[in-house]
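# Per-entry structural report
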Amino acid sequence: MVTMLACQAPETTTTDAAASGDIEGGTYVSLDDKTAKVKQLIEAYMKNDTLVAHEIYADTLKAIDGFANNVDSLNNVKATPGGRAEFIKADQFTHTLFSDITMTLKPGELKTFTGNNGQVATGYWGLWTGKGKYTNAETKVPLHMILWWEGDKVVQIYRMFDPATLTAEVAASQTK
């Protein structure tokens, strides 16, 4: 009986990533303050409320949107100029193009990583949905974001998504 219980006990292993030289290793959590702030940010965005964005984004926010052809001659994804103010303005613009905007917040879609090198980032892997105000098309776009923190401010955000429906909605808005 003791042998049978020992075989059924869950295996646990411990590795010290920092000691192994893995400077890109680290830990992740989902019930911390930074993850909660990003959840609040997403919930506020869905309501077109910019208060949380003004609170957590640094004035000098570096925004990088990873989509096709937004790459410079050195194969780096281009940063969008304008810092926090322009980033928030662009996010608000999506509400002029789409109604019923939602973003999923299922378990596992939002986590904060603390690297062995001290970097802290919150990641989101979810689904953005909306209804085009000009095309009347329902759209569902996988959205991946990494928000890099310094202290209590997000200093850089990297987003990756397919901009096709956004581009189509902008084009449709120009013809009406």
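Presented here is an overview of the structure given in this document. Just so it is clear, the structure is predicted and the values come from calculations on it, not from any experiment.

Reading the values: rules and limits
Residues numbered from 1 in each chain as written. Predicted model: local features only at pLDDT ≥ 70, side-chain atom pairs only at ≥ 80, totals over all residues. Heavy atoms only, no water. Buried < 20%, exposed > 50% of the residue type's maximum accessible area, 1.4 Å probe, protein only. Helix = DSSP H or I, 4+ residues; strand = E, 2+ residues; numbered from the N terminus. Pairing = 2+ DSSP bridges. Salt bridge = Lys/Arg side-chain N within 4 Å of Asp/Glu carboxyl O. Polar contact = N/O pair within 3.5 Å; in protein donor to acceptor, adjacent residues only side chain to side chain. Contact = heavy atoms within 4.5 Å.

## A closer look at the pairing of strand β6 (residues 120-132)
Counting buried residues along β6, 10 of its 13 residues qualify, which places the element largely inside the surrounding structure. Pairing of strand β4 (residues 98-103) with β6, which is carried by 4 bridges, proceeds in the antiparallel orientation. Residue pairing across strands places Phe 98 opposite Gly 132, the latter belonging to β6. The pairing of strand β5 (residues 110-115) with β6 spans 5 bridges and is antiparallel. From the neighbouring strand, Thr 114 faces β6, where its bridge partner is Val 120.

## Remarks on the environment of Ala 53
Mapping Ala 53 onto the fold places it in helix α3 (residues 51-56). Taking the C-alpha atoms as reference, Ala 53 lies 9.5 Å from Phe 87; in sequence the two are 34 residues apart.

## Remarks on the pattern of salt bridges
Should their charged atoms come close, side chains of opposite charge can pair. In the structure shown here, the tally under the stated rule is 5 salt bridges. Between Lys 37 and Asp 33 there is a salt bridge; the shortest N-O distance is 3.5 Å. Separated by 4 residues within a single helix, Lys 37 and Asp 33 lie in helix α2 (residues 33-46), roughly one turn from each other. Notably, a salt bridge pairs Arg 84 with Asp 59, separated by 2.4 Å at the nearest N-O pair. Of the two residues, Arg 84 sits in helix α4 (residues 83-97) while Asp 59 sits in strand β2 (residues 57-66), which places them 25 residues apart along the sequence. Arg 84 sits in the buried class, given a relative accessible area of 18%. Look at Asp 59 and you get exposed, because its relative accessible area is 55%. Residues joined by salt bridges that share partners form a network here, namely Asp 65, Asp 91 and Arg 159.

## Details of the side chain of Thr 112
Considering the arrangement of structural elements, one finds Thr 112 in strand β5. Of note is the side chain of Thr 112, whose polar atom sits 3.4 Å from the side chain of Asp 32. A distance of 2.6 Å separates polar atoms of two side chains, one belonging to Thr 112 and the other to Thr 35. Residues contacting Thr 112, with those up to four places away along its chain left out, are Thr 27, Tyr 28, Val 29, Asp 32, Lys 34, Thr 35, Val 120, Ala 121 and Thr 122.

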